[in-house]
Structure formats: C-alpha cells, structure tokens
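# Notes for the structure review
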Amino acid sequence: MSNSVNISVETTCEKKIREIGYDGTELYQPAPTLSESLAKCAARIDFSKTSLDDLKKEEKTAAAAEEENKDGTQFQESLWPWDAVRNKLKDALTEICVLSDVISIAKDKRYLVLDPLLEEGDDTKPIVQVYSRKKAISQAAQVLLSGAERLRNAHSEQRSRNVSDFHIELLRLRQNWRLKKVSNAIIGDLSYRTAGSKFGMSGTFEVTKAEEASDDDSAISSTTSSSTATNNGMQMKASSALRVIVPAELQGVAYIKVITQKDQEDLCTAQVNLMGHGPNITAQVGVWQKTLEFAQNVLFCKELFAQLAREAIQLQAPIPHVVIGNQIRATLLPNIQLIISLCHSTTFDSNQPAPINDHDHVLEHSLHQLLREVHYKNSHHPFPHPASAPLGPSKKRMLAGPMAADRETLLDMTKTQTILEQIIAQAQHIFMRKRTQYVLDTLARDVKDPQIVSHWNAMNSPTMSCVKINIVTHGYDAIGRTSLVIHVKERSLKCICRDGRVMRLSYEPQELRDLILCQINSHQISCLVSLARCMAWTVLSNSNHLGIGKVEPLGNASSCLLASPNGDRMIAVQIRCDPQIDVKVYIARSPRQDFFPSPLVPEKLWENLGGNFKEVKFDKIEGKSFLNKMEFLMASLTSNTA
C-alpha cells in the first residue's frame, strides 16, 4: 500500500462523426452542452407510471437481470438518474390534488370549515400603545394647525390689500375677452372679426398694471371709463390691479335711435344698443368689464350704422334714401319717414338722462339677427360640388341645371334683401297693422248693429299678419254670420271672403273701411232672408246690387222684397252705405183699398196686386237690432192678417 500508484481514469472523448468530405476530412459533432444534456435526461422520465410499487418492481427486475449478467458485487440503486426528481414531482402533484379537493369542499361550508390559528403575540404593555398613539395624534394635529394658520394669514393679507392680484384679474379678463401678447404688451380685441365681420375700425385695447400707469392727462383721459363706471346716475370707484386702455373713438356711450315721423310729428321712437341687457357680471370680474362693454357697444353701433348707410346709398328706391352725417332717412309710406340716427357721447354726466328710454326688444333682435347673417355669409361660403366646380354659386343654383329650373326660379335665387330693406319692410308692416287695427276698432265702436269681432293670429311673421273678422248680430248668430280673413302685408291688404272671393287693397285705410261697410250691408240682407224663411215669409226678390235710385257714394245698395204667408202683405227693405248704414222699410197691402173698376181694367182681381208702398218709421219700431225690429214687424203683420 505504501508503493501506491496514481491511476487516472478518463472517459473516451470520441465524438460522433457528422460528415466525411470527399477528401477524407471528418467533421465531428460538438459535445452537448449542459442544457442539452439536462433536456435529454429529462426526456427519459416516464410520467405515465402512477404508482411507486411498479417503479420498485421494475427496479428489482432490472437489478436481478443485471446480477445474472454480471458477477460483480456492485449494487445499482436506480434505473434512471432522474428517478428521484420524478418521485418528488409526483408527490407534489399528489399534495396539490389533495389541497384542491380540500379547498373545493371547504368552499361550500357544509362538510368542512376552516378556522384560522391564533398566533401567540408578544406581550406588550398598554401604556406603551397609549403613548405611541398620543404622539401620532399630536403630530397630525400640529400639521393641521400649521396649515390653518397659513390659510388664516393668507386670508387676512387678501383682506388688508386694497389692490387685488394682477394675475388673477388678468385670468378673469382672459376668460371673458380675447387677449394676446405682443412683445412686452398685452393686447385685446373687441371686434367681431372672428365671427365674420369686415368692419375696418380697430377694436384693440391694451392691458397694463395699475401701478405702471402714468399720471399725465393723456393716460388719465384714456382710463377714465375704467376708473369710474356710471350705473343709473351713480359712480363706482375702481379698485383693480389692471387698467384697460381703449381707443379714443370707442370711449363713451353710443346707441342707435329710430324715429318714424308723419308730417314732422313723431309717431314712435325706439333706441337700440347693447347696454342694460344680460347678466351683470361687473361685481364678479372687475370694473374693467363695464369699460369693455361700453367700448364694444360703441363698435357695434358704428358697424351697424355703417352697414345701413352703405346699403341706403346702393339701393335704388322709388324715393331715394338720404344719408346725411349720422342720419339715414327712408320713406315708408306717403308722408311717413323712417329716420335712423347714430348718437355717440363721450362725456359722463350724472344729470344727463339715461340713453335708454324706450328700448325696442323686437327691433334689437331683428338688427342683431340680420347683422349676424351678414357676418355668417362673409365667413361661410358654399363648397363646390364637384370639387372642380367654380367657388361661389349656392347649392340651389348648382342643382338648377339638373332640376331643369325655369327663368323665374333662377331670378328668385338671385334676389336677396339687405338689412335696410328688411327693416323698412318690417316698419311698413307695423304701420299697416296699426292702421288695420285702428280701422277695425273704430268700426266696432261706431257700428253697434251688427257686432264686429276681430281675432288676430298670435303666430305671425315679421312682414305679414293675419286677422279673422266675424260679423254677427246679437241674439241671431245662429241664423247667419259673415266671416272674412285679412292678410296684412307690407304695403297692401289681401281680403278673402267666405265665398272664396279674393280682394286686394292698397295701404289706404279708407278702402278697408268701405269693404267692411259693404260686408255689413250684405250681412244684414242675408240674415233677413234667413229670418223671413224661418217665419214662413216668402222671399220674392233679393239683390245685393240695386240699380235704381240715386248713385251711392260707397258701394251699391241692397234690397229685399218679402211677402207674408197669405200674400196680403209685402215688405220692401233697402239698405245703403251713405256713408253710414241707412235702412229704409216699405209696406204694401192687398187687396188695394183705392181700387175702382174702369173700362180699361174692369176685372176686380187686379186689386190683389197690392197698393203703393208706404215707408215705415223704422227707428220708432221696438227692438235692439235690425233683425229684432224686422222680426217684430213681420210678426205684427202676420197676426193682423190672421
């Protein structure tokens, strides 16, 4: 043993030959890496064996066979090198399956309930916990007190300061107005250019700090409106961190005054501006809000008046419009003129009356809407269809060719009304409506029999109104009534009668008065005919256009000839408009009392033709109305005959 010899045992390093070249060169396959060896050994594991007894039997069988083949005393413990790994994985799978079954059973809480184990905690003294909680609460209280103290100091500083923060005021200004920074200055814009306006006047204003404003007269004059704001004759001192400097031409108060005159007499007056309407946010944002509102109002009034003056010069009216200075004169109807004036005052005087005395909301809405349409047309042009078509024609004009539109339709597409034309049309319609109302109210007051009832439509357009007139007799409205509809337009009236007749009248109120009187005349005759038939009287003749007698100054006379049920009484009625309603009634009896036979008329039967008609004092007959008196008259004549 002392003469031991070291023997080195090495494995054969022969590698598998992968390829032999034509020249005899052998290419060997490289030795597998550790990962490849691990994968190869793991692939030999057979997980299909489910029991450990089978594995032990296989091991014993393999061991017995190996002992028979080899005479060595060596003992092989396992057949595969990864047998232990497979056994552990198998045991883990078994435990996981058992755990899954236990959890599924415990979830229903019917057969098994899991209770947590109580761990034995460390024994701590209660006084230590109290001290620790007290320390944590004191630290939290200290944080809250320090924050409250900072808030209290900031609030007291804000109250003590007379001038608010410049940046906060600038933020409020930017929320309500359009601002931009040019080099070191802040410039704002009051114009309507972003909405499509093409008015040339500049609406820019400058924003500066209150401390940086100079004390010279020019700066004071330019910021007068920002330092004081006039509200119902009272002045309010400014306390703002910023100042707004507006141009001199936009300072002051401006409004548009609209007057309608007839023979140098003002019929109605209205004033239009942007002030005094909408929510008052001056208290929330600052005193500069009133300054900018006044400046934008001046810009709006000047732009609107410039647009109206431009249209007044371009329009070719029958009576040319006159533009002199800040005044526009247009003729509505004969002897009635529309005067539009621009009033601009740059001084604030508490003794001066307020500029808004008679504000017309309808006129203001119309002017705003019409000016907005002009801005919209300036910025919104119809797109060409197809894309290669010219830019400018509207969609209707583009479809005129495929739709085979005629010349009249094409001319209607080209007709557009300007703002001044639409305002004049609305003013003309207002006068026509007032005249119609006056005529109807006057007739309803003067004419007691029959009654005239007018129903004006509540839903009207700015240039057309509708009124329905019902002519009825009190107590006899079931016998008959006369209805007609009148469309009041700009310079004319359209009357539609119940029988379908359409009559067009001019702007003269006398024509409407004559038409209503003629309708009253026709109503009396038609109701008398219906009443006579109800009382069994016979209608011998009826005419709404009597061609005998003197010429009537107004319309035609109407007549009606009635006969009693026995035929021995006759009533002749004649109604004229001269210019009031004039009624005449005549009575004739048969047989005649003054009939004597003669050689020419020997038969006595001719005495039944009736005698001469005698006029009745109609105003002496009892009754409240024409039909009531005629009813009494026919009833008395019928009773005398019986």
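Where an unreviewed UniProt entry is consulted, the protein appears under the name Blast:Mediator of RNA polymerase II transcription subunit 17, with the organism given as Drosophila guanche. Comment text from UniProt for the protein, heading Subcellular location (unreviewed entry), reads "Nucleus". Database annotation for the protein, UniProt heading Sequence similarities (unreviewed entry): "Belongs to the Mediator complex subunit 17 family."

So, on to the overall build of the protein. Within the protein one finds 15 helices and 23 strands. For the protein, buried positions account for 31% of its 642 residues. Restricting to contacts in the protein with at least 6 residues of sequence separation, those with at least 24 account for 57%. By element, 54% of the accessible surface of the protein is carried by carbon and sulfur atoms, the whole surface being about 43600 Å².

For the rest of this paragraph, the subject is the packing of aromatic side chains. As enumerated under the stated definition, the model contains one aromatic pair in all. Centroid distance phenylalanine 618 to phenylalanine 626: 5.7 Å. Interplanar angle 50°. Geometry classified as tilted. Looking at phenylalanine 626, the relative accessible area reads 3%, which means it is buried.

Here we take up the packing of helix α5 (residues 166–176) against helix α9 (residues 288–314). Put simply, α5 and α9 touch, their axes get as near as 11 Å, and they point 30° apart. As far as their axial angle goes, α9 and α5 are roughly parallel. Viewed along their axes, α5 and α9 form a crossing whose handedness is right-handed. Along its contact with α5, which presents Glu169, Arg172, Leu173 and Asn176, the element α9 presents Trp288, Gln289 and Leu292. Residues of the contact of α5 with α9, tallied by class, amount to three nonpolar, two polar and two charged.

Our next topic: the sheet that holds strand β17 (residues 493–497). Pairing is antiparallel in the open sheet, where five strands are placed in the order β14-β15-β16-β17-β18. The sheet terminates laterally at β14 (451–456) and β18 (502–505), the two strands that pair on one side only. The mean angle between the axes of side-by-side strands here comes to 20°, regardless of whether they run parallel or antiparallel. Note: strand β15 (residues 465–472) against strand β16 (residues 482–488), seven bridges, orientation antiparallel. In the strand pairing of β16, isoleucine 469 is matched with leucine 484. Most of the contacts of helix α13 (residues 419–446) go to β14, to which it runs at about 155°, and overall it touches β14, β15, β16 and β17.

This next bit is on the pairing of strand β20 (residues 557–563). Two faces make up the sheet, and in a regular strand the side chains alternate between them. Buried residues dominate β20, accounting for six of its seven residues. Pairing of strand β19 (residues 538–546) with β20 involves six bridges; the strand directions are antiparallel. Bridged to valine 539 within β20 is leucine 562. In the sheet, β20 pairs with strand β21 (residues 569–577) via six bridges, with the strands oriented antiparallel. Residue pairing across strands places leucine 561 opposite alanine 572, the latter belonging to β21.

What follows concerns the sheet that holds strand β3 (residues 178–182). Judged by pairing direction, the sheet is antiparallel, and its four strands sit side by side in the order β3-β4-β5-β8 without closing on themselves. Of all the strands in the sheet, just β3 and β8 (242–245) have a single pairing partner and so form its edges. Between one strand and the next, the sheet's axes are offset by a mean angle of 30°, whatever the strand orientation. Its contacts with the sheet place α5 against β3, β4 (185–189), β5 (204–209) and β8, and it is angled at close to 160° to β5.

Residues Leu190, Phe205, Leu292, Ile469, Ile486 and Ile516 are the most contacted members of the largest nonpolar core, which totals 71 residues. Broken down by element, this core gets its largest block of residues, twelve residues, from α9. Core analysis: the next-biggest nonpolar cluster, separate from the first, contains 24 residues, Trp537, Ile571, Val585 and Met630 among them.

Since the α-helix packs 3.6 residues into each turn, any two residues three or four apart lie on the same face. Between its terminal C-alpha atoms helix α14 (residues 509–534) stretches 38 Å, which fits the 38 Å expected from 26 residues at 1.5 Å a residue. Remark: alanine 536 follows α14 within two positions and exhibits a positive phi of approximately 70°.

Moving on, we get to the confidence of the model for the protein. Low pLDDT marks stretches whose predicted atomic positions should not be read closely. Mean pLDDT over the protein stands at 78; residues scoring 70 or higher make up 77%. Note on residues 212–238: pLDDT under 50 across the span, and 31 contacts to partners over four residues away in sequence or across chains. Contacts from residues 350–356, a stretch scored under 50 in pLDDT, to residues over four places away or in other chains number nine contacts.

Here aspartate 449 and proline 450 are connected by a cis peptide whose omega angle stands at 0°. Mapped onto the secondary structure, proline 450 falls in the loop between α13 and β14. Phi angles above zero are rare outside glycine, and asparagine 335 is one such case at about 70°. Here asparagine 335 is to be found in the loop between β12 (327–333) and β13 (336–345).

Time to look at the pairing of β3. The pairing of β3 with β4 spans five bridges and is classified as antiparallel. Bridge pairing in β4 places arginine 178 opposite aspartate 189. Hairpin connection, β3 to β4: the antiparallel pair is bridged by two residues, and serine 183 has positive phi, about 55°.

Turning our attention to the pattern of salt bridges. This model, assessed by the stated rule, comprises six salt bridges. The partner of aspartate 189 in a salt bridge is arginine 178, with the nearest N and O atoms 3.1 Å apart. Residue aspartate 189 is located in strand β4, and its partner arginine 178 is located in strand β3; the two are separated by eleven residues in the primary sequence. Accessibility expressed as a relative area gives 19% for aspartate 189, which makes it buried. Assessed through its relative accessible area of 35%, arginine 178 is described here as partly exposed. Residue aspartate 499 pairs with arginine 501 through a salt bridge whose shortest N-O separation is 2.8 Å.

A few words now on the environment of valine 585. Here valine 585 is to be found in strand β22 (residues 581–589). Residue classification places valine 585 among the buried residues on the basis of a relative accessible area of 0%. Along the backbone, valine 585 and glutamine 574 are eleven residues apart, and their C-alpha atoms lie at a distance of 6.5 Å. Non-local contacts of valine 585, meaning those with residues more than four positions away in its chain, are made with Ile571, Ala572, Val573, Lys614, Glu615, Val616, Phe618, Met630 and Leu633.

Turning our eyes to something else, we now look at the state of the cysteines. Tallying each qualifying case throughout the model produces zero disulfides. There is no disulfide at cysteine 495, and the cysteine sulfur nearest it, in cysteine 497, is 7.0 Å away. By relative accessible area, which is 7% here, cysteine 497 ends up buried.

Definitions and limits used
Residues numbered from 1 in each chain as written. Predicted model: local features only at pLDDT ≥ 70, side-chain atom pairs only at ≥ 80, totals over all residues. Heavy atoms only, no water. UniProt positions renumbered as here; feature names shortened; annotations may be inferred. Helix = DSSP H or I, 4+ residues; strand = E, 2+ residues; numbered from the N terminus. Buried < 20%, exposed > 50% of the residue type's maximum accessible area, 1.4 Å probe, protein only. Contact = heavy atoms within 4.5 Å. Areas by Shrake-Rupley, 256 points an atom, 1.4 Å probe, with all protein chains shown as cover. Phe/Tyr/Trp six-rings, centres within 6.5 Å; stacked < 30°, edge-to-face > 60°. Axes fitted to C-alpha atoms, helices over the stretch in contact; angles between N-to-C directions. Parallel < 35°, antiparallel > 145°, perpendicular 65-115°, else oblique. Left-handed = near helix turned anticlockwise from the far one by under 90°. Nonpolar A, V, L, I, M, F, W, Y, C, P; charged D, E, K, R; others polar. Pairing = 2+ DSSP bridges. Core = buried A, V, L, I, M, F, W, Y, C linked by side-chain atoms within 4.5 Å. Expected span 1.5 Å × (residues − 1). pLDDT = per-residue confidence, 0-100. Salt bridge = Lys/Arg side-chain N within 4 Å of Asp/Glu carboxyl O. Disulfide = S-S within 2.5 Å.

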